[in-house]
Amino acid sequence: MFNNTGVINYNQPGGVQFAVHNVGSKTSDTWTFEAKLPGNITYTSDKQTPLKPNERAVLTISFGPTKETSTQNIIIKIDTKSDTNFATNYLNQPVLVLR
C-alpha cells in the first residue's frame, strides 16, 4: 500500500506515485517521463505505451535512502510530441526529509 505522507525519513527509502491521464479525444503518441527525486536522483523512463482517450497510467517509483534533511522537491515532466496542453505535463511536489 502506498501512503502519501509528504515526509520521508532520513536514511530510509522513499517513493512517489503519480498518474498520467489522457484527457484528449485522440490516442496519444508514445511518451516518456523524467523524474527528479530526493537525494539528487534523476530517472528517465523508456518509451511508454500510448494512452487512449480518458485512459490513465499509474506509475510508482521507489528510490533509495536520502541523506539530506531538508525540504526537497519531486519533479516529474512528461514528454510527448503531439500534446496540445503542455502545462499539464509537469508535477512539482515538495517533500520533507526528517531525521
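Throughout what follows, the structure given in this document is the object of discussion.

Calculation rules
- Residues numbered from 1 in each chain as written.
- Predicted model: local features only at pLDDT ≥ 70, side-chain atom pairs only at ≥ 80, totals over all residues.
- Heavy atoms only, no water.
- Pairing = 2+ DSSP bridges.
- Helix = DSSP H or I, 4+ residues; strand = E, 2+ residues; numbered from the N terminus.
- Axes fitted to C-alpha atoms, helices over the stretch in contact; angles between N-to-C directions.
- Buried < 20%, exposed > 50% of the residue type's maximum accessible area, 1.4 Å probe, protein only.

1. Some words on the sheet that holds strand β4 (residues 41-44)
The strand order across the open sheet formed by five strands is β1-β7-β6-β3-β4, and the pairing between neighbours is mixed. Looking at strand neighbours, the two that pair on one side only are β1 (7-9) and β4, the edges of this open sheet. For this sheet, the mean inter-axis angle between neighbouring strands, taken without regard to orientation, is 20°. Of the strand pairs in this sheet, strand β3 (residues 32-37) and strand β6 (residues 71-79) are connected by five bridges, and their pairing is antiparallel. Following the sheet pairing, F33 is matched in β6 by I78.

2. Section: the environment of D83
Tracing the sequence through the fold places D83 in the loop between β6 and β7 (90-98). Here D83 falls in the partly exposed class, since its relative accessible area comes to 23%. Each C-alpha atom of the pair D83 and V23 lies 10 Å from the other, and the pair is 60 residues apart in sequence.

Read these as geometric descriptors, not functional statements.
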